[in-house]
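# Tertiary structure, described
Now for the letters of each chain:
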Amino acid sequence: MHKIFKLSLLLIFLSAPAFAQDSEESDNHTPLKTKGLNLGLYMGCYFANKYTATLYDGYGFDVDGKRNSFENSFMYQKIVMEYGGGYGQPDLIAEALGVQHGEWTFDESDMPINMKYAPSFLFGLNGRYSVDKHNAILLNLNLCKLNVTGNFTIMTMPPSSSTQINKAIKTCAIKGSEQRLSFQLGYQRLFGDNERINLLAEGGLHVTLAKFDKNEILIGDNLLIDLTSYYYQPGFPAYAVKKPVGVGFGAFAGLGVNANINELCKLQLVYNPSYEGVNIGPDPKFKLQHAIGLRIFYNF
């Protein structure tokens, strides 16, 4: 985000001599276009609300889209039953933790409770049709990939022959990723009569296509377990048959600065909050998301 601010300030600073030169030109200079189509690129930073991050907490969903119980959760099945010595298999969990079989436990109190999204880069193709000097119609298409992080625990115990009574808490990592494609249709207003720099405000319809990508846990230093292997597997009828995906609707707003560099190029530094329902998971709710970025337009 700091890089975006620095880049925008640098571009405006470098264009300042051009602004001054244009103001000193004679009256026969070519005026900037006040009507027409602008197409360009968007790059910014996206801050997702943590509400839907709980989809990646290792419980998973059944075929009806309901959250699994702990005993049916993806994490319990993977940690205890599949990798923890169940079904007569080797105890890879004990090996990863550096203990013996039977010297560790995992229960519902160890499940993740602190899942959150990390800030992510946001890229897009943006369009703008200027009706006149101050008013324009916006059509934006933006894409980002979100990373989700959190922690869970596993309790280890000393051997039965040991005189130690304290249990050791092993903290392990859980992570996930999600893809979001957003569509915005709205109105933008430029304020003031300056031909070069203006404040702007905007708002309109916001639509988001969200797709659950993957979910993994890391135990010890090397044991990486994929929790999404239950998806798309007909051999596991108790679990969801496909990864969660959905389309949600809402509204966006925006405040920023517009800079007309020359007849062919304009920059816009914009902060965009959006109030939307990200429609993945069993209980979607309207929440605020935030984005800040730089648009670079070419004037046709």
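Structure shown above.
Keep in mind that what you see is a predicted model, and the values were worked out from it rather than measured. (Residues numbered from 1 in each chain as written. Predicted model: local features only at pLDDT ≥ 70, side-chain atom pairs only at ≥ 80, totals over all residues. Heavy atoms only, no water.)

### Considerations on the nonpolar core
Filter applied, for reference: Here the nonpolar core consists of buried residues drawn from Ala, Val, Leu, Ile, Met, Phe, Trp, Tyr and Cys, with membership extended through side-chain atoms lying within 4.5 Å. Only protein chains enter the accessibility calculation, which uses a 1.4 Å probe; a residue whose area is less than 20% of its type maximum is buried, one above 50% is exposed, and one in between is partly exposed. Secondary structure is summarised from DSSP: a helix means a run of H or I of at least four residues, a strand means a run of E of at least two, and numbering begins at the N terminus for each. Between two residues, a contact is recorded if the distance between any of their heavy atoms is within 4.5 Å.
Among the nonpolar cores identified, the biggest contains 44 residues, and Ile 79, Ile 93, Phe 106, Phe 152 and Ile 219 are the most heavily contacted of them. Contributing elements (two or more residues each) for this core: β1 (36-47), α2 (74-82), α3 (92-97), β5 (135-156), β6 (168-191), β7 (197-219) and β8 (223-226). The residues contacting Phe 106, other than those within four sequence positions of it, are Phe 70, Met 75, Tyr 76, Ile 79, Val 80, Met 111, Phe 152, Thr 153 and Ile 154. If you look at the next biggest cluster of nonpolar residues, it comprises five residues, including Ala 259, Ile 261, Leu 269 and Leu 294.

### Quick word on the environment of Asp 91
In plain terms, the rule: For this analysis, a polar contact is any N or O atom pair within 3.5 Å, provided that within protein one partner can donate a hydrogen and the other can accept it, and provided that sequence-adjacent residues contribute only side-chain to side-chain pairs.
Mapped onto the fold, Asp 91 is located in the loop between α2 and α3. Among the residues examined, Asp 91 registers a relative accessible area of 12% and is labelled buried. In sequence terms Asp 91 and Val 80 are eleven residues apart; their C-alpha atoms lie 8.9 Å from each other. Once residues within four sequence positions are removed from consideration, Asp 91 is found in contact with Tyr 83, Gly 84, Gly 85, His 101, Gly 102 and Trp 104. Here Ile 93 takes part through its backbone nitrogen, which lies 3.2 Å from a polar atom of the side chain of Asp 91.

### Let's talk about the pattern of salt bridges
Threshold: Salt bridge, as used here: a side-chain nitrogen of Lys or Arg that lies within 4 Å of a carboxyl oxygen of Asp or Glu.
Considering all chains together, one arrives at six salt bridges under this definition. Notably, a salt bridge pairs Lys 145 with Asp 213, separated by 3.5 Å at the nearest N-O pair. Placement of Lys 145 in strand β5 and of Asp 213 in strand β7 is noted, with a sequence separation of 68 residues between them. Accessibility expressed as a relative area gives 15% for Asp 213, which makes it buried. Between Arg 295 and Glu 202 there is a salt bridge, with the nearest N and O atoms lying 2.8 Å from each other. Taken together, the residues Arg 295 in strand β11 (residues 286-299) and Glu 202 in strand β7 connect sequence positions 93 residues apart.

### A closer look at the pairing of β6
To keep things clear, this is the line we draw: Any two strands with at least two DSSP bridges between them are considered paired.
Sheet topology places β5 next to β6; 22 bridges connect them, and they run antiparallel. Its bridge partner lying in β6, Asn 142 is registered against Ser 182. Taken together, the 19 bridges between β6 and β7 define a ladder with antiparallel strand orientation. Following the sheet pairing, Gly 176 is matched in β7 by Asn 215. Joining the antiparallel neighbours β6 and β7 is a turn of five residues, in which Gly 192 adopts a positive phi near 95°.

### Focus on the pairing of β1
Looking at chain direction, β1 and strand β4 (residues 120-130) are connected through eleven bridges and run antiparallel. When the bridges of β4 are listed, Gly 44 appears paired with Leu 122. Two strands pair when backbone bridges link them, and β1 and β11 are joined in this way by ten bridges, in the antiparallel orientation. Considered in β11, the bridge of Gly 44 is made with Gly 293.

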